[in-house]
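Remarks on the overall topology
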Amino acid sequence: PQFQKTDNINKWYDHPDSLDESKFSIPLIENVADQLKAAKRNGDVCILITRRVPELTPNIDKLLKKHELKFDETFVIGHNTSKISVLEDFLRKRTLDDDNLEALTIFEDCMYQILEYQKYMMHPDNPFRIDEYETNYFFVDKTHIIRIETLDAEIIEKIKLKLS
């Protein structure tokens, strides 16, 4: 059946049509792809954490393969798992495997999620604190990426609080 327009954005992103290039233009964001490929060439560990529903994993894999985008691990988590908990589990596993993970680069299309990542990485009780890893954050906005520094995120959080 044809997908109907909806006010609930998750219903759209949870539908296979949202990843169907025969129905919609799904442009590759070249600068994100370039950054990812450069990171892989440098030997960096790259993971994908998406809130798409697990049923769409084959569709996601097909798009990634088409654009020759390779991740060390892909987590398709849906809406009932937090991205922070997935990141924490990933870091814990890497530590237990005695892996030399020195840097994290996070691409995210939600500024609020970047703030959450930064709060987590800076929390004093976090065994994977920001001072243990070089952590880079990139806000992905349609066709551009913007590097977000920790200070930027703190300022954005203060502005957000004043506007609330």
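Our subject is the structure listed above.
Residues numbered from 1 in each chain as written. Predicted model: local features only at pLDDT ≥ 70, side-chain atom pairs only at ≥ 80, totals over all residues. Heavy atoms only, no water.

1. Looking at the overall build of the protein chain
When its secondary structure is counted, the protein chain shows six helices and five strands. Along the protein chain, helices and strands appear, N-terminal first, in the series α-α-β-α-β-α-β-α-β-β-α. Burial status across the protein chain gives 34% buried among its 164 residues. Once local pairs closer than 6 in sequence are excluded, the contacts in the protein chain between residues at least 24 apart make up 68%. (Helix = DSSP H or I, 4+ residues; strand = E, 2+ residues; numbered from the N terminus. Buried < 20%, exposed > 50% of the residue type's maximum accessible area, 1.4 Å probe, protein only. Contact = heavy atoms within 4.5 Å.)

2. Digging into helix α2 (residues 30-41)
Under the 1.5 Å per step criterion, the end-to-end length of α2 is 16 Å for 12 residues, consistent within 8% with the ideal 16 Å. Three or more residues of α2 are buried, namely Val32, Ala33, Leu36 and Ala39. The buried residues of α2 occupy an angular sector of 125° when projected down its axis, which confines them to one face. (Expected span 1.5 Å × (residues − 1). Arc of directions from axis to C-beta.)

3. Section: the pairing of strand β1 (residues 47-50)
Taken together, the four bridges between β1 and strand β2 (residues 73-76) define a ladder with parallel strand orientation. When the sheet's bridge partners are listed, Thr50 is paired in β2 with Val76. (Pairing = 2+ DSSP bridges.)

4. A word on the packing of aromatic side chains
By convention here, two paired aromatic rings are described through the distance between centres and the angle between planes. Within this structure, the stated rule accounts for two aromatic pairs. When the ring of Phe75 is compared with that of Phe90, the centres are 6.3 Å apart and the planes differ by 75°; the resulting orientation is edge-to-face. Residue Phe75 is found in strand β2, and its partner Phe90 is found in helix α4 (residues 83-96); the two are separated by 15 residues along the sequence. Residue Phe90 is classed as buried on the basis of its relative accessible area, which comes to 4%. Ring geometry for Phe107 against Phe138: centres 5.2 Å apart, planes inclined by 20°, an arrangement best described as stacked. Taken together, the positions of Phe107 in strand β3 (residues 103-108) and Phe138 in strand β4 (residues 134-141) put the pair 31 residues apart, joining distant regions of the chain. (Phe/Tyr/Trp six-rings, centres within 6.5 Å; stacked < 30°, edge-to-face > 60°.)

5. Overview of the side chain of Ser18
Looking at the secondary structure, you find Ser18 in the loop between α1 (9-13) and α2. Looking at Ser18, its side chain comes within polar contact range of the side chain of Arg52, at 2.5 Å. Contact partners of Ser18, with chain neighbours within four places excluded, come to Trp12, Tyr13, Ile26 and Arg52. (Polar contact = N/O pair within 3.5 Å; in protein donor to acceptor, adjacent residues only side chain to side chain.)

6. Notes on helix α5 (residues 111-122)
The end-to-end C-alpha distance of α5 is 17 Å, a good match for the 16 Å that 12 residues give at a rise of 1.5 Å each. Among the residues making up α5, those that are buried are Met111, Gln113, Ile114, Leu115, Tyr117, Gln118, Tyr120 and Met121.

7. With respect to the pattern of salt bridges
The final tally for this structure, using the stated rule, is seven salt bridges. Linking Lys83 and Glu108 is a salt bridge whose minimum nitrogen-to-oxygen distance equals 3.0 Å. Taken together, the positions of Lys83 in helix α4 and Glu108 in strand β3 put the pair 25 residues apart, joining distant regions of the chain. Residue classification places Lys83 among the buried residues on the basis of a relative accessible area of 8%. (Salt bridge = Lys/Arg side-chain N within 4 Å of Asp/Glu carboxyl O.)

8. A closer look at the nonpolar core
Counting 19 residues, the largest nonpolar core has Leu87, Leu91, Tyr117, Tyr120, Met121 and Tyr137 as the members making the most contacts within it. Where this core is concerned, the elements lending two or more residues are α4, β3, α5 and β4. Setting aside its immediate chain neighbours within four residues, Tyr117 contacts Ile49, Lys83, Ile84, Leu87, Ile106, Glu108 and Tyr137. Residues Leu48, Leu63, Leu64 and Val76 belong to the second largest nonpolar core, which totals 13 residues. (Core = buried A, V, L, I, M, F, W, Y, C linked by side-chain atoms within 4.5 Å.)

These values are about where atoms sit, not about what they do.
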